[in-house]
Every structure is written in C-alpha cells, then in structure tokens.
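Descriptive analysis of the structure
Next come the chains, spelled out residue by residue.
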Amino acid sequence: MLGSGLAIPASARAVPRFPSVGQGDLPIVAAVKPNNYRPDQPIETSSDPYRRMTAPVTINGKGPYFFVVDTGANQSVISLELATELGLAPGGSVDLHGVAGVEVTPTVMAARMQLGGRVRQDVRLPTLPQAAIGALGILGIDHLRDERITLDFRSHELTIEESHYEDVPPFTSRVKARQRSGQLTIVDADLAGIPVSAFLDSGAERTIGNPALYELAVLKVQQGGFFNVPIISVSGKTIPGRIALLPVLRLGYVKLVDISVTFADLHVFQIWGLDKPAILVGMDTLSTFDSVTLDFGRAEVLFELYPGKRSTSRG
C-alpha cells in the first residue's frame, strides 16, 4: 500500500536536552514550530515541498532513476511515464491500497531492478502517473526489509545499508520498535498522554492520526482548536480531515512539543485493522531531527539531534 503522502507544513525547529557528550540512549525534547496551515486549505497528496528522500534505482540496466523512499508503503511503484519510456512489458492488474481506498492498477514487469548492490529479478511494479506520486517511482518496504535506512536532514542525504548493531552516537536516542505489516511501529508512545501505536512514514509529508485517536484528542484541545481540512488523494478523491496543535508526542525517550496533527479516516488505518489510537509520523515531524535511522532488521529507530542547531524552545 502507498504511504499517506500528504502535503508538508512549514519547517520544524527543535532543541535537545542532553547530559554530557558521548552518552547514548538519552532523552530528547524537541519543540516543533507550528505550521502555516490556513483553515479549509486543501492538502494535496501529490505536492512535495519537503523534497522527500530519494534513492538511485536502475531498471534493466538503465538509469539511475531517483525513487522516493517510502517507509509507509508496502509496495514499490513506478511512474507510468518511466515505464513507457523503458518499454516495460505489461504485467496485469492489481488492487493497490492508497490513502482514499483500493484501486485496480495496471502493472509492468522489470527483468532486473537494482538498488546499490541489491538486485531483484522479475519485479512486478504497479504504475501511477508521475504527477500523482510526485516522482519517477516509489521505493517501498518490499525493497527495504532487513535494511538500515538513515534520513540525514542536515545534508538531505539518504543511506541504505545492511542492518547492524552499533553503539549509540552522541546526542542520539535509540527507541525499540516492532514490525507490523512490514512497517516499524513504536508501541511505547503517547500523544498528549493518550497511548498510541506510532508508524514512521518517510513518504507522508504530514503527521496523521486515526479516528480513534481523534475521539480522545478532542478532550485535550481547547474549543475552537480544530480546523477542517480537505485531503485530496493522488486519484483526485477528497477525504475530510481536521487539524489541531497537540502539546506532546512521546516516542520512547523522545518528546516532540507542540506538534501539528491532521486527523482523518484514511484507508491505510482500516486495512491495518487499527481500531485503537494510532498515528502516522510524517516528514513534517521526522525532519525536526538532524537524522533519523530506521533499522528494519533490528526493529529499532535512532533519533539524532545536536544541541544549538535549533531554536531555544523547550518542552
């Protein structure tokens, strides 16, 4: 399934609270700057002002082509335009699960698909218009299982390597996770004191809460603190949503203060069977940090935030 892929709010700022240099697994408090959303402003899922992280992919020996790395997508996707340019053979149709629901989508066959030293043969890829996905393709977790992915927001670089253990670097907190449908889920998490399952989604520009979380979040927000927001999917469908500022999102040792959350009944929540409070943590939140490392093989996440690099806000 495709990740949420929602439009990006303004850039975030943060400051950590750390003891001495060189200690790992430390608490982090990050103050997230409120976004510049205007009431009733549509959120376009295909817009990409944050410039999501991409990785070079070669297909049938041609390329590289830069695909968006989406840790919230079960299935990799190629743009219809690139598939046509490469002359890829049709592979039938599949049901593709996206933000708004299920759509029957044509596929193509790639004899060889390579990411760095990792090669897959006879790969079946659903196709979507490039304007809809905002890239030449999407690299989902079907290509990322057992890998270690680092999103370096300082240099806007992405590293994909084999899963491995390492001592926690300075100014970094390690948070254990679980795998659910392939995605990394942080279960030791809460939003404004409400226990949640948190999914880290590098393909979603905005952080999204499910209806079960919304029902409890309304008790934490002052009257008039929610705004309606129409969410437009890549297929042009409109999903009603509501957006509000919540005081704290905690992910293990990590706390994010004043976090903007959009609430919507996305199809991805339904197919995961999530009737309990859950949240997709998007790039608006992840990019608060200097870097975020998702180790799928070890089921853990490392959040790095250097002192003095963000605003002086504190949580």
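Thresholds, definitions, all that
Residues numbered from 1 in each chain as written. Predicted model: local features only at pLDDT ≥ 70, side-chain atom pairs only at ≥ 80, totals over all residues. Heavy atoms only, no water. Pairing = 2+ DSSP bridges. Helix = DSSP H or I, 4+ residues; strand = E, 2+ residues; numbered from the N terminus. Axes fitted to C-alpha atoms, helices over the stretch in contact; angles between N-to-C directions. Patch = residues over 30% accessible without salt bridge, like charges linked within 9 Å, V, L, I, M, F, W, Y side chains within 5 Å. Areas by Shrake-Rupley, 256 points an atom, 1.4 Å probe, with all protein chains shown as cover. Salt bridge = Lys/Arg side-chain N within 4 Å of Asp/Glu carboxyl O. Buried < 20%, exposed > 50% of the residue type's maximum accessible area, 1.4 Å probe, protein only. Contact = heavy atoms within 4.5 Å. Phe/Tyr/Trp six-rings, centres within 6.5 Å; stacked < 30°, edge-to-face > 60°. Core = buried A, V, L, I, M, F, W, Y, C linked by side-chain atoms within 4.5 Å.

**Some points on the sheet that holds strand β12 (residues 172-176)**
If you walk across this open sheet you meet the five strands as β11-β10-β23-β24-β12, and the pairing is antiparallel. Each edge of the sheet is formed by a strand with only one pairing partner; in this case those strands are β11 (157-162) and β12. Direction aside, neighbouring strands of the sheet carry axes that sit 15° apart on average.

**Thoughts on a nonpolar patch on the surface**
Together, L216, V218 and L219 give the surface a local cluster of nonpolar side chains, amounting to about 260 Å² of exposed area. On the secondary structure map, V218 appears in the loop between α3 (211-217) and β19 (227-232). With a relative accessible area of 30%, V218 lands in the partly exposed category.

**As for the pattern of salt bridges**
Applying the stated criterion across every chain, the model contains 12 salt bridges. Across the salt bridge formed by R148 and E161, the nearest N and O atoms sit 3.8 Å from each other. Taken as a pair, R148 in strand β10 (residues 147-152) and E161 in strand β11 lie far apart in primary sequence, 13 residues in all. Here R148 falls in the buried class, since its relative accessible area comes to 2%. The exposure class of E161 is partly exposed, given its relative accessible area of 30%.

**A word on the environment of G297**
Structurally, G297 is set in the loop between β23 (291-295) and β24 (300-304). G297 sits 149 residues away from R148 along the chain, and the two C-alpha atoms are 7.1 Å apart. Residue contacts for G297: discarding those within four places in its chain leaves D146, E147 and S163.

**A word on the packing of aromatic side chains**
Per the counting criterion, the structure on display carries five aromatic pairs. Between F171 and Y306 the ring centres are 5.0 Å apart and the planes differ by 50°, which places this aromatic pair in the tilted class. Here Y306 lies in the segment after β24 and F171 lies in the loop between β11 and β12, a separation of 135 residues in the sequence. In this structure an aromatic cluster arises from ring pairing among Y214, F226 and F263.

**Re unusual backbone geometry**
A cis geometry characterises the amide bond from G63 onward to P64, with omega recorded as 10°. Positionally, P64 belongs in strand β4 (residues 62-69). If you check the backbone angles, D122 has positive phi at about 50° while not being a glycine. With respect to the element layout, D122 can be found in strand β8 (residues 118-128). Looking at D122, the relative accessible area reads 58%, which means it is exposed. Even without being glycine, A299 reaches a positive phi, approximately 55°.

**Here's the deal with the pairing of strand β17 (residues 197-200)**
Where strand β14 (residues 183-186) meets β17, two bridges bridge the pair, whose relative direction is antiparallel. Paired with I186 across the two strands is A198, which belongs to β17. As defined by bridge partners, β17 adjoins strand β22 (residues 278-281) across four bridges and the pair is classed as parallel. Counted as the bridge partner of F199 is L280 from β22.

**Re the environment of L86**
Within the secondary structure, L86 sits in helix α1 (residues 80-86). Taking the C-alpha atoms as reference points, L86 and G63, separated by 23 residues in sequence, lie 9.9 Å from one another. Leave out the neighbours within four places in its chain, and L86 touches I59, K62 and Y65.

**Overview of the nonpolar core**
The biggest cluster of nonpolar side chains holds 62 residues, and the ones touching the most others in it are L139, I186, L191, L246 and F303. If one sorts the elements of this core by residue count, strand β21 (residues 254-264) sits on top with five residues. I208, I239, F269 and L280 belong to the second largest nonpolar core, which has 11 residues in total.

**What about the environment of A189?**
The residue A189 is located in strand β15 (residues 189-191) in this model. Non-local contacts of A189, meaning those with residues more than four positions away in its chain, are made with I194, P195, V196, A198, R250 and L251.

**So, the pairing of β24**
With respect to burial, β24 is a largely interior element, five of its five residues being buried. Inspection of the sheet shows β12 paired to β24 by five bridges, in the antiparallel sense. In the strand pairing of β24, K176 is matched with E300. As defined by bridge partners, β23 adjoins β24 across five bridges and the pair is classed as antiparallel. Across the sheet, residue D295 finds its bridge partner in β24, namely E300.

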